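Inside the fold
Here are the chains, one letter per residue:
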Amino acid sequence: MRSTPAQTTPDGEHHGASAPDGEHPPLPGGEWAIGPDGMPVREAARLVLLDAAGRALLVRGHDAHDVERTWWFTVGGGIEPGEDPVAAAVRELHEETGLRLAVADLAGPVATRSAVFDFFARSVRQREVFFVAHLDREVPQEELVRHGWTDVERAFMDELAWWSADDLADVAIEVFPRALPDLVRWLAPGWDGTLRDLGHEGEGTA
């Protein structure tokens, strides 16, 4: 594998500089497998959580090697072995925000995406499925807690905030997936039952 500068992942997870072959640190979590091409791969579940005003709850992260580079991304993470994707989205929501929903509160999947990025000093592939949930209220900031953040998440995740589609379209920093403003605008009135393929995104490039 070529050596590259430290970068950030397309869904907001922390990048480290790529290491030469044979010098890779172990990847955290038990959800990674080695694909046919030798690249680690995992399945991930993500959630577009919308409040009564049609705003999406997002996480802001930063590049540990370039703190000036920050981005917004959806709640979510790897699906654990034997775990249902929608259950993974519910679990990740609670771990990352403190909010609790039931599996029945989520709809979808509404979208899929694949991404290749550097994670823990090696290139990895992530296949993502997105769900949506609508709240009937606006959640005050003090209800959003970070007690469930892992050490890895605390190393690059900075804050939680609610974003409208229009504000996301005008934000100066990156958002992941890149179609997020359109995704929020599409889902805010209610999901129409279709599945969108967001395609492939690689290594956080614009």
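Criteria and cut-off values
Residues numbered from 1 in each chain as written. Predicted model: local features only at pLDDT ≥ 70, side-chain atom pairs only at ≥ 80, totals over all residues. Heavy atoms only, no water. Helix = DSSP H or I, 4+ residues; strand = E, 2+ residues; numbered from the N terminus. Buried < 20%, exposed > 50% of the residue type's maximum accessible area, 1.4 Å probe, protein only. Contact = heavy atoms within 4.5 Å. Areas by Shrake-Rupley, 256 points an atom, 1.4 Å probe, with all protein chains shown as cover. Core = buried A, V, L, I, M, F, W, Y, C linked by side-chain atoms within 4.5 Å. Expected span 1.5 Å × (residues − 1). Salt bridge = Lys/Arg side-chain N within 4 Å of Asp/Glu carboxyl O. Phe/Tyr/Trp six-rings, centres within 6.5 Å; stacked < 30°, edge-to-face > 60°. Lys NZ or Arg CZ within 6 Å of the ring centre and 35° of its normal. Pairing = 2+ DSSP bridges.

Considering the overall build of the chain
If you tally the helices and strands in the chain, you get 4 helices and 9 strands. Starting at the N terminus and walking to the C terminus, you meet the elements of the chain as β-β-β-β-α-β-β-α-β-α-β-α-β. Relative to its full complement of 206 residues, the chain shows a buried share of 52%. Within the chain, counting contacts between residues at least 6 apart in sequence, those at least 24 apart form 69% of the total. Split by element, the accessible area of the chain, about 9200 Å² in all, is 52% carbon and sulfur.

As for the nonpolar core
Within the largest apolar cluster, 26 residues are counted, with the highest numbers of intra-cluster contacts made by L47, L49, L106 and F131. Mapped onto this core, the elements with two or more residues apiece are strand 2 (40-50), strand 3 (56-63), strand 4 (66-78), helix 1 (85-97), strand 6 (123-134) and strand 7 (157-163). The biggest single contributor to this core is helix 1, with 5 residues. When neighbours within four sequence positions are excluded, L49 is seen to be in contact with R55, A56, L57, L93, L99, L101, A133, L135 and W162. Among the nonpolar cores identified, the runner-up in size contains 20 residues, and L50, F130, V175 and L198 belong to it.

Quick look at helix 1
An α-helical segment advances 3.6 residues per turn. Residues three or four places apart therefore align on the same side. Between its terminal C-alpha atoms helix 1 stretches 18 Å, which fits the 18 Å expected from 13 residues at 1.5 Å a residue. At the C-terminal side of helix 1, G98 shows a positive phi close to 85°.

Focus on the pattern of salt bridges
Counted according to the given criterion, the structure contains 15 salt bridges. With a closest N to O distance of 2.4 Å, R127 and E43 form a salt bridge. Taken as a pair, R127 in strand 6 and E43 in strand 2 lie far apart in primary sequence, 84 residues in all. Judged by relative accessible area, R127 falls into the partly exposed class, the value being 39%.

Section: unusual backbone geometry
The linkage connecting G108 with the following residue, P109, adopts the cis geometry, with an omega of 15°. Checked against the element boundaries, P109 lands in strand 5 (residues 107-118). At the junction of F176 and P177, the peptide bond is cis and its omega measures out at 0° in the coordinates. Locating P177 in the fold gives a position in the loop between strand 8 (174-176) and helix 4 (180-187).

Considering the packing of aromatic side chains
Overall, the coordinates contain 1 aromatic pair when judged by the stated rule. Over the ring of W186 we find R196; its NZ or CZ atom is 4.0 Å from the centre of that ring.

Focus on the pairing of strand 2
Among the 11 residues that make up strand 2, 10 are buried, leaving the element largely enclosed by the rest of the structure. Pairing of strand 1 (residues 33-34) with strand 2 involves 2 bridges; the strand directions are antiparallel. By the bridge assignment, A33 is partnered in strand 2 with V41. Between strand 1 and strand 2, which pair antiparallel in sequence order, lie 5 residues; one of them, G38, sits at a positive phi of approximately 85°. Relative to strand 6, strand 2 runs parallel, the two being bridged by 10 bridges. The residue of strand 6 that forms the bridge with V48 is V132.

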